[in-house]
Amino acid sequence: MTVPPGIKLAKPRQVCKLKKSLYGLKQASRQWYEKLTSVLIQQNYIQASLDHSLFIKKSSDSFTVLLVYVDDIILAGTSLLEFQHIKSILDTSFKIKDLGQLKYFLGIEVAHSKLGISLCQRKYCLDLLHDSGHIGSKHISTPSNPSMKLHYDSSKPYDDIPAYRRLVGRLLYLNNSRPDITFITQQLSQFLSNPTVAHHNAALRTLRYLKSCLGKGLFFPRNSSITLQGFSDVDWDGCLDRRKSVTSQCFFLGHSLISWRAKKQTTVSGSSSEAEYKALASATCEIQWILYLLHDLHITCSKLLVLYCDNQIALHIATNPVFHERTKHLEIDCHLVRE
Amino acid sequence: MKLLLVSSQDQIADFFTKHLLPKTFSLLLSKLGLIDIYQPPPCGGLLHYIEEEDNSSKDKSLLAAQVT
């Protein structure tokens, strides 16, 4: 590491050797990661190849999964014996505090019942309303105004840009359990550099919507089957300023919504089917990722996985092996979807 | 993997591409399977009760019919 200020060097270009990682050093996080990983791997845990914070142990009679966020760890599995074992190992090496059944993790509230597991961010939502001073505002039924499309308009620039950014940032974190505000958050984040009053008003409307349903959250039913379904759609020309399209996709495992996204495409598309096609390609990548993750968790998808798309032409391009001149630039995406 | 066509009305991913009207919004939202564990079911669960009572009264009338 570089020498801290205040220490005189005997020779120029000297550096320090790090013997022990200290809290606050640039190297601390990496050292911690390496130490935790080595302890878990000694205990026969296997690190998932796609998500390096996921550790899996499978033996003849038990299956245990360990999910790490810096120094917060979630443990899930089939054997209490293995739980005790790994907890004592972690306790001897790092001194852990056992918080019992999972209830609150990184601002996400978890509730268990016979029917299933629910995730919500009610407290985070309340704090957000409180801090922005909208705790007493009126309810509204949708997060965005259906008659208005956000773009770089000519209304007055909004004065407090950092406040707008903070607000959008907090809405982004709320997206973890709230797919209903995903689209409006995507729209609001387009104007982070110079928001106008109109954009700020749209953000406040979203807060009023949140007020009407604070505790809404994801629900994962216990009796759900393991079939993967994906939906892919696009709003061609969705961005009025740059004429780019907006990709949207969501994925269900049985009845549970597990992944969703609204994202502006990186390039402009000449036709709606081209835009749909690009969306299909990115949905395929996401499905592939989910499949690899399921494979790591030793879960096999029982049925054929299905990807739904509402554009006939995009489907024709996907199945037809002959490349047309106009679709030539999409060739890479084509191969991706077919594979 | 299989690619299938879905009509635009049933396209759930539509939820993430448009500013929707309240009716379509709540329809698609219900398909996503979100729940609010803090909000009690509509009418405080009374609707359920009435249905059950209806069933039991039907049972009674059936019984009465058998007795006669």
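It should be emphasised that the depicted structure is a prediction, and the values quoted were computed from it without experimental measurement.

**Student:** When you look at the overall build of chain A in this model, what are you seeing that I'm missing?
**Tutor:** Summing up its helical and strand segments, chain A has nine helices and twelve strands in all. Across its three principal axes, chain A shows a C-alpha extent of roughly 60 × 55 × 55 Å. A buried classification covers 28% of the 339 residues belonging to chain A. Long-range contacts, defined as pairs at least 24 residues apart, comprise 59% of the intrachain contacts of chain A with a sequence gap of at least 6.

**Student:** How should I be thinking about the domain arrangement of chain A in this particular structure?
**Tutor:** The accessible area lost on association of the parts is a frequent measure of interface size. Assigned domains within chain A: domain 1 (28-100), domain 2 (119-212) and domain 3 (224-338). Between the C-alpha centres of domain 1 of chain A and domain 2 of chain A there is a distance of 37 Å.

**Student:** Looking at this structure, how should I read the interface of chain B and chain A?
**Tutor:** At the interface, 29 residues of chain B touch 48 residues of chain A. Sorting the residues of the side of chain B that touches chain A by element identifies strand S1 (2-5), helix H1 (22-31) and strand S2 (35-36) of chain B as the ones contributing at least two each. If you tally residues by element for the side of chain B that touches chain A, the top one is S1(B), at four residues. Its residues placed into classes, the side of chain B that touches chain A shows 18 nonpolar, seven polar and four charged. Across four bridges, the pairing between strand S12 (residues 306-309) of chain A and S1(B) is parallel. Bridge assignment links A:Val306 to a residue of S1(B), and that residue is B:Lys2.

**Student:** Would you mind showing me how to read the nonpolar core here?
**Tutor:** Considering soluble globular proteins, one finds that nonpolar side chains tend to be buried as a cluster. With 49 residues, the main nonpolar core has A:Leu188, A:Ala203, A:Cys250, A:Leu280, A:Ala314 and B:Phe16 as its most contacted residues. Sort the elements by how many residues they give to this core and helix H7 (residues 272-296) of chain A lands first, with seven residues. For A:Cys250, the residues in contact, after removing those within four places along its chain, are A:Phe231, A:Leu257, A:Ser259, A:Trp260, B:Ile12, B:Ala13 and B:Phe16.

**Student:** How should I be thinking about the environment of A:Ser155 in this particular structure?
**Tutor:** Residues and elements named next belong to chain A. Tracing the backbone shows serine 155 in the loop between helix H3 (122-131) and helix H4 (161-174). For the pair serine 155 and leucine 218, spaced 63 residues apart in sequence, the C-alpha to C-alpha distance is 37 Å. Look past the residues within four positions of serine 155 in its chain and what remains in contact with it is Thr196, Val197 and Ala198.

**Student:** Explain the sheet that holds S2(B) here, please?
**Tutor:** One key point about sheets: their strands pair by backbone hydrogen bonds, in either a parallel or an antiparallel sense. One open sheet accounts for five strands, arranged S5(A)-S6(A)-S7(A)-S8(A)-S2(B); its pairing is antiparallel. Of all strands in the sheet, those bounded by a partner on one side alone are strand S5 (104-105) of chain A together with S2 of chain B. Pairing of strand S7 (residues 116-120) of chain A with strand S8 (residues 216-221) of chain A involves five bridges; the strand directions are antiparallel. Each residue of the ladder has a partner; that of A:Gly116, found in S8(A), is A:Pro221.

**Student:** Help me understand the sheet that holds strand S3 (residues 63-69) of chain A, please; the structure alone is not making it clear to me.
**Tutor:** Residue and element names in this part refer to chain A. If you walk across this open sheet you meet the four strands as S1-S2-S3-S4, and the pairing is antiparallel. Every interior strand has two partners, whereas the edge strands, strand S1 (46-47) and strand S4 (72-77), have only one. Sheet topology places strand S2 (residues 54-58) next to S3; five bridges connect them, and they run antiparallel. For leucine 54, the partnering residue across the bridge sits in S3 and is leucine 67.

**Student:** Would you explain the packing of H7(A) against helix H8 (residues 312-319) of chain A in this entry?
**Tutor:** For any two helices packed against each other, the geometry comes down to the angle between their axes and how far apart the axes lie. Residue and element names in this part refer to chain A. Closest axis-to-axis distance for the H7/H8 pair is 8 Å, and the angle between their directions is 60°. The orientation of H7 with respect to H8, classified from their angle, is oblique. Crossing of H7 over H8 shows right-handed handedness. Judged by residue contacts, Ser273, Glu276, Tyr277 and Leu280 of H7 engage Ile313, Ala314, Ile317 and Ala318 from H8. In terms of residue class, the contact of H7 with H8 is built from six nonpolar, one polar and one charged.

**Student:** Would you mind showing me how to read the confidence of the model for chain B here?
**Tutor:** Residues and elements named next belong to chain B. Per-residue pLDDT for chain B averages 67, and the proportion of residues at 70 or more is 57%. No element of chain B has a lower mean pLDDT than helix H2 (residues 46-67), at 46, and none a higher one than H1, at 84. Counted against residues more than four places away or in other chains, residues 48-68, with its pLDDT under 50, gives zero contacts.

**Student:** Even after reading the chapter, I still don't get H4(A), so can you show me in this structure?
**Tutor:** Side chains that are three or four residues apart share a direction in an α-helix, a result of its 3.6 residues per turn. Residue and element names in this part refer to chain A. End to end, H4 covers 20 Å across 14 residues, agreeing with the expected 20 Å (1.5 Å per residue, within 8%). For H4, the complete set of buried residues consists of Tyr164, Leu167, Val168, Leu171 and Leu174. The buried residues of H4 occupy an angular sector of 110° when the element is viewed end-on, so they sit on one face. Elements in contact with the buried residues of H4: H3, helix H5 (182-188) and helix H6 (197-212).

**Student:** I keep staring at helix H1 (residues 28-42) of chain A and nothing clicks. Help me out?
**Tutor:** For H1(A), spanning 15 residues, the distance from its first C-alpha to its last is 21 Å, which sits close to the expected 21 Å at 1.5 Å a residue. Remark: A:Asn44 follows H1(A) within two positions and exhibits a positive phi of approximately 70°.

**Student:** Looking at this structure, how should I read the packing of H4(A) against H6(A)?
**Tutor:** Residue and element names in this part refer to chain A. Running from N to C, H4 and H6 cross one another at 35°; their axes reach a closest spacing of 11 Å. Viewed along their axes, H4 and H6 form a crossing whose handedness is left-handed. Judged by residue contacts, Tyr164, Leu167, Val168 and Leu171 of H4 engage His200, Ala203 and Thr206 from H6. By residue class, the composition of the contact of H4 with H6 is five nonpolar, two polar and no charged.

Cut-off values and rules
- Residues numbered from 1 in each chain as written.
- Chains lettered and ligands numbered in written order.
- Predicted model: local features only at pLDDT ≥ 70, side-chain atom pairs only at ≥ 80, totals over all residues.
- Helix = DSSP H or I, 4+ residues; strand = E, 2+ residues; numbered from the N terminus.
- Buried ≥ 20, exposed ≤ 12 C-beta atoms within 10 Å, placed from the backbone.
- Contact = placed C-beta atoms within 7 Å.
- Domains from an automatic or database assignment.
- Nonpolar A, V, L, I, M, F, W, Y, C, P; charged D, E, K, R; others polar.
- Pairing = 2+ DSSP bridges.
- Core = buried A, V, L, I, M, F, W, Y, C linked by C-beta atoms within 7 Å.
- Axes fitted to C-alpha atoms, helices over the stretch in contact; angles between N-to-C directions.
- Parallel < 35°, antiparallel > 145°, perpendicular 65-115°, else oblique.
- Left-handed = near helix turned anticlockwise from the far one by under 90°.
- pLDDT = per-residue confidence, 0-100.
- Expected span 1.5 Å × (residues − 1).
- Arc of directions from axis to C-beta.

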